[in-house]
Amino acid sequence: MLQDIAEGIQKELSSKSFDGSLKFDCGDDGVVVLADNQATTTDQDTDCTIRISQDNLVKLLTGKLNPMTGVMMGKLKVSGDMGVAMKLGKLLG
């Protein structure tokens, strides 16, 4: 499932650039890492980490979960460089 998500994000990266590195940490399900204009499921250190369930990650990426609402409701937690997290909106928007 996370591999499919990474491939979908990779398609977006082909037409847009993303500065910095960001990790979606889905706990036991694994990770999706955006770094060097690549999306992979290989874990590595990043500028920003978003802890989120796999289900909520799908909702976030499909526009069914607003990032700010998700933070306020505790559905996702951001740590590290908030500026990198803010750039994610441009990539997904």
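Residues numbered from 1 in each chain as written. Predicted model: local features only at pLDDT ≥ 70, side-chain atom pairs only at ≥ 80, totals over all residues. Heavy atoms only, no water.

With that out of the way, let us pick up the pattern of salt bridges. The final tally for this structure, using the stated rule, is 2 salt bridges. A salt bridge links K16 to E12; the shortest N-O distance between them is 3.4 Å. Judged by its relative accessible area of 26%, K16 falls in the partly exposed class. Exposure remark for E12: the relative accessible area of 34% places this residue in the partly exposed category. Notably, a salt bridge pairs K23 with D43, separated by 2.9 Å at the nearest N-O pair. Taken together, the residues span a long stretch of sequence, with K23 in strand β1 (residues 22-25) and D43 in the loop between β3 (38-40) and β4 (48-52) at a distance of 20 residues. (Salt bridge = Lys/Arg side-chain N within 4 Å of Asp/Glu carboxyl O. Buried < 20%, exposed > 50% of the residue type's maximum accessible area, 1.4 Å probe, protein only. Helix = DSSP H or I, 4+ residues; strand = E, 2+ residues; numbered from the N terminus.)

The strand order β3-β2-β1-β4-β5 describes an open sheet built from 5 strands, whose pairing is mixed. Each having just a single partner strand, β3 and β5 (76-80) make up the two edges of the open sheet. The sheet shows a mean angle of 15° between the axes of neighbouring strands, taken without regard to direction. Sheet topology note: the β1/β4 ladder contains 4 bridges and is parallel. Residue pairing across strands places F24 opposite I50, the latter belonging to β4. (Pairing = 2+ DSSP bridges. Axes fitted to C-alpha atoms, helices over the stretch in contact; angles between N-to-C directions.)

A separate point is the layout of surface pockets. Over the atoms rolls a probe the size of a water molecule, and in doing so it shows where empty space is left. In this model, the largest pocket occupies a volume close to 350 Å³. Considering the residues around the largest pocket, the lining is formed by 18 residues, among which L60, P67, M68, A85 and G89 are closest to the centre. Contributions of two or more residues to the lining of the largest pocket are made by α2 (54-61), α3 (67-72), β5 and α4 (82-92). A class-by-class count of the residues in the lining of the largest pocket yields 14 nonpolar, 4 polar and no charged. (1 Å grid on protein atoms, 1.4 Å probe; cavity = no way out; pocket = protein on both sides within 12 Å on 5 of 7 lines; lining within 4 Å. Points joined across faces, edges and corners; volume = space filled by probe spheres on them. Nonpolar A, V, L, I, M, F, W, Y, C, P; charged D, E, K, R; others polar.)

With that out of the way, let us pick up α4. When we look at burial in α4, the residues that qualify are V84, A85, L88 and L91. For α4, the buried positions fall inside an angular range of 100° around the axis, keeping them on one side. α4 presents M86 and K90 as exposed residues on the side facing more than 90 degrees away from its buried surface. Between the side-chain oxygen of the N-cap and the backbone nitrogen of G83 there are 2.8 Å, and the N-cap of α4 in question is D81. (Arc of directions from axis to C-beta. Polar contact = N/O pair within 3.5 Å; in protein donor to acceptor, adjacent residues only side chain to side chain.)

On their own, these measurements won't tell you what the molecule is for.
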